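# Architecture at a glance
This is what each chain is made of:
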Amino acid sequence: MSVWTLNKTRLFEGVWEGELTRADGMTSEPSIEVTFLEQPVHGVQIKEDPAKNRWLVRIPIPSEAVADGVQTFLIVDKSTGGLLNKITMISGEVLADDIRAELDLLRAELDMLKRAFRRHCLETS
């Protein structure tokens, strides 16, 4: 279990940004590792913001991660091995198929509700 908490602030221009705080209030420097497909992600920046007792984290999304399907990055506390956060990106045809399936499911549920409502109206008339 990590003493650190990492919260996403935004994903902008290919860079994931977050705020890293320590639960026990201590100010020691964090040590994190970011991996994609079990390989380290390079260019990770950690900058201290002592005024707010936090660390600002910037993780560049490598261009090879922008592809069809689901891509996951793991952000781990190196000292404990605990998972701090993850970045999940979904794009391409996989996403389109998933949305179509959800839409089909919603339509089926709506049809079921309409039939049940009509049956209820007939029975209570």
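Computed from a prediction, not measured in an experiment: that's the story for all the values here.

Rules and cut-offs
- Residues numbered from 1 in each chain as written.
- Predicted model: local features only at pLDDT ≥ 70, side-chain atom pairs only at ≥ 80, totals over all residues.
- Heavy atoms only, no water.
- Helix = DSSP H or I, 4+ residues; strand = E, 2+ residues; numbered from the N terminus.
- Rg over C-alpha atoms; globule rule 2.2 N^0.38 Å.
- Buried < 20%, exposed > 50% of the residue type's maximum accessible area, 1.4 Å probe, protein only.
- Contact = heavy atoms within 4.5 Å.
- Areas by Shrake-Rupley, 256 points an atom, 1.4 Å probe, with all protein chains shown as cover.
- Lys, Arg positive; Asp, Glu negative; His and termini not counted.
- Charge placed at Lys NZ, Arg CZ, Asp CG, Glu CD.
- Core = buried A, V, L, I, M, F, W, Y, C linked by side-chain atoms within 4.5 Å.
- Pairing = 2+ DSSP bridges.
- Salt bridge = Lys/Arg side-chain N within 4 Å of Asp/Glu carboxyl O.
- Phe/Tyr/Trp six-rings, centres within 6.5 Å; stacked < 30°, edge-to-face > 60°.

### A closer look at the overall build of the protein
In terms of helices and strands, the protein carries one helix and eight strands. Reading the helices (α) and strands (β) of the protein from amino to carboxyl end gives β-β-β-β-β-β-β-β-α. Scaling as 2.2 N^0.38, a compact globule of 125 residues should have a C-alpha radius of gyration of about 14 Å, whereas the protein reaches 22 Å, well beyond that. When its C-alpha atoms are laid out on the principal axes, the protein stretches across 70 × 35 × 25 Å. Looking at the protein as a whole, 25% of its 125 residues qualify as buried. In the protein, of all internal contacts separated by at least 6 residues, the share reaching a separation of at least 24 is 48%. Just so you have it, the protein exposes about 9,000 Å², and 55% of that area is on carbon and sulfur atoms. Side-chain charges of the protein comprise 15 positive and 20 negative groups, with the mean position of each set lying 6 Å from the other.

### So, the nonpolar core
Of all hydrophobic cores here, the largest spans 17 residues; its most connected members are Leu20, Ile59, Phe73 and Ile75. At the level of secondary structure, the elements contributing two or more residues to this core comprise strand E1 (4-12), strand E2 (15-22), strand E3 (32-36), strand E6 (54-60), strand E7 (69-77) and strand E8 (83-91). With residues up to four places along the chain from it excluded, the contact list for isoleucine 75 reads Leu6, Trp16, Ile32, Glu33, Val34, Ile59, Gly82, Leu83, Leu84, Asn85 and Ile87.

### Comments concerning the sheet that holds E8
Strands sit in the order E4-E3-E7-E8 across an open sheet of four strands; the sheet is antiparallel. Each having just a single partner strand, strand E4 (39-40) and E8 make up the two edges of the open sheet. For E3 and E7, the ladder comprises five bridges, and the chain directions are antiparallel. For glutamate 33, the partnering residue across the bridge sits in E7 and is valine 76.

### A closer look at the side chain of threonine 35
Examined against the element boundaries, threonine 35 turns out to sit in strand E3. With a relative accessible area of 17%, threonine 35 lands in the buried category. Residues in contact with threonine 35, not counting those within four places in the same chain, are Pro40, Val41, Thr72, Phe73 and Leu74.

### Regarding the pattern of salt bridges
Counted according to the given criterion, the structure contains five salt bridges. The salt bridge partner of arginine 58 is glutamate 17, with a shortest N-O separation of 2.4 Å. Of this pair, arginine 58 sits in strand E6 while glutamate 17 is found in strand E2, placing the two residues 41 residues apart along the sequence. When its relative accessible area of 13% is taken as the criterion, glutamate 17 is described as buried.

### Looking at the packing of aromatic side chains
Taken as a whole and judged by the stated rule, the model has one aromatic pair. Ring geometry for phenylalanine 36 versus phenylalanine 73: centroids 4.7 Å apart, planes at 25 degrees, classification stacked. Of this pair, phenylalanine 36 sits in strand E3 while phenylalanine 73 sits in strand E7; the two residues are 37 residues apart in sequence, bridging distant segments of the chain. Just as phenylalanine 36 is buried, phenylalanine 73 falls in that class too.

Read these as layout, nothing more, since geometry by itself doesn't imply function.
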